[in-house]
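Structural overview
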Amino acid sequence: AFDEETGWLTAEAGVSLEEVLKVFVPRGFFPSVTPGTKFVTLGGALACDVHGKNHHVDGCFSNNVRSFELLMSSGEVVRVTRETHPDLFKATVGGLGLTGIVLSLELKLKPIANAMIEMESVRVEDLDHFFEVSAESGDFTHHMGWIDCVTRGKAMGRGIFMRGRHA
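Residues numbered from 1 in each chain as written. Predicted model: local features only at pLDDT ≥ 70, side-chain atom pairs only at ≥ 80, totals over all residues. Heavy atoms only, no water.

1. Some words on the sheet that holds strand S9 (residues 159–166)
Convention followed: The criterion for strand pairing is that DSSP finds at least two bridges linking the strands in question. Helix numbering and strand numbering both begin at the N terminus, where a helix is a DSSP run of H or I of at least 4 residues and a strand a DSSP run of E of at least 2. Every angle, taken between N-to-C directions, lies between 0 and 180 degrees, and every axis is a line fitted to C-alpha atoms, over only the stretch in contact when it is a helix. Residues count as neighbours in contact if any of their non-hydrogen atoms are within 4.5 Å of one another.
A sheet is described by the order of its strands in space; here three strands give the open sequence S7-S9-S8, paired in antiparallel fashion. Every other strand in the sheet has two partners, leaving strand S7 (117–124) and strand S8 (142–147) as the edge strands with one partner each. In this sheet, neighbouring strand axes are inclined to one another by 15° on average, regardless of whether the strands run parallel or antiparallel. Strand direction decides the pairing type here: S8 and S9, joined by six bridges, are antiparallel. The residue bridging isoleucine 147 from the neighbouring strand is glycine 159, located in S9. Here helix H5 (residues 127–135) sits on the sheet in contact with S7, S8 and S9, set at roughly 155° to S7.

2. Overview of the packing of aromatic side chains
Given two aromatic rings, their pairing is described by the distance between the two centres and the angle made by the two planes. Heads up, the condition is: Stacked, tilted and edge-to-face are the three classes applied to pairs of Phe, Tyr and Trp rings, where Trp contributes its six-membered ring and a pair requires centres within 6.5 Å; stacked means planes under 30 degrees apart, edge-to-face means over 60, and tilted covers the rest. The classification of residues rests on relative accessible area computed with a 1.4 Å probe and restricted to protein chains. Under 20% of the type maximum is buried, over 50% is exposed, and intermediate values are partly exposed. For a Lys NZ or an Arg CZ to count as sitting over a ring, it must be within 6 Å of the ring centre and within 35 degrees of the ring normal.
All chains considered together, the criterion is met by five aromatic pairs. When the centroid spacing of 5.3 Å and the interplanar angle of 70° are considered together, the rings of phenylalanine 130 and phenylalanine 161 count as edge-to-face. You can see phenylalanine 130 sitting in helix H5 and its partner phenylalanine 161 sitting in strand S9, a full 31 residues away along the chain. The same class applies to phenylalanine 130 as to phenylalanine 161, namely buried. An aromatic cluster of at least three residues, connected via ring pairs, comprises Phe2, Phe24 and Phe29. The ring of phenylalanine 140 is capped by arginine 165, whose NZ or CZ atom sits 4.0 Å from the centre of that ring.

3. Some details on a nonpolar patch on the surface
We apply this condition: Two joining distances apply to patches: 9 Å for like charges and 5 Å for nonpolar side chains (Val, Leu, Ile, Met, Phe, Trp, Tyr), and every residue must have over 30% relative accessible area and no salt bridge. Here, Shrake-Rupley sampling with a 1.4 Å probe gives the accessible areas, and only protein chains in the shown set may cover a residue. One side-chain nitrogen of Lys or Arg within 4 Å of one carboxyl oxygen of Asp or Glu is enough to make a salt bridge.
Together, Val77, Ile101 and Leu103 make up a nonpolar patch on the protein surface, roughly 240 Å² of accessible area in all. Following the sequence through the fold, valine 77 ends up in strand S5 (residues 77–81). Under the relative-accessibility criterion, valine 77 is labelled partly exposed at 43%.

4. Some words on unusual backbone geometry
In this structure, aspartate 49 takes a positive phi of about 45° despite not being glycine. Mapped onto the elements of the fold, aspartate 49 is located in the loop between helix H2 (42–48) and helix H3 (55–58). A residue is classified by how much of its surface remains accessible, and aspartate 49, at 18% relative accessible area, is buried. Phi is positive for leucine 96, which is not a glycine, with a value near 55°.

5. Notes on helix H1 (residues 17–24)
To keep things clear, this is the line we draw: This arc describes the spread of directions from the helix axis toward the C-beta atoms.
Residues Leu17, Val20 and Phe24 constitute the buried set of H1. Within H1, the buried residues cover an arc of 60° as seen down the axis, which keeps them to one side. Elements that come into contact with the buried residues of H1 comprise strand S1 (2–3), strand S2 (8–12), strand S3 (29–31), H2 and strand S6 (101–111).

Printed below as a string of structure tokens:
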């Protein structure tokens, strides 16, 4: 189920991120948090509480999950929210499946104008420059950096700082 007004998607836990993207990007919606691969299920993303390149803005996957159905070892199915079962919610998110099997979840999708990402790559000369570029990148929702950790001396920390946002 999907509420186009609010962006809330209810889906089975076995649905892959790839499937969500195929269906909802053409409709103008995107998951608020995505890991570096589309080959993960929604249940797996919750069980690992994955993060994306926008962690500093949108948090982890669980920050965008309102509820989930959990099959307990007793056979009972429980609808879990932060309000109804706060301890179970916290233990399940990032719990790698130890509390039970996630059957379905409610995930917030955000509206996007198109599928394009506006991206810039900035060559950084050293760690000080890296931190300067990072501080200047507040207008970008997605950040990622590659730092050369082998180089010593003045060039230590040289690398690439990538920043982007939905176009």
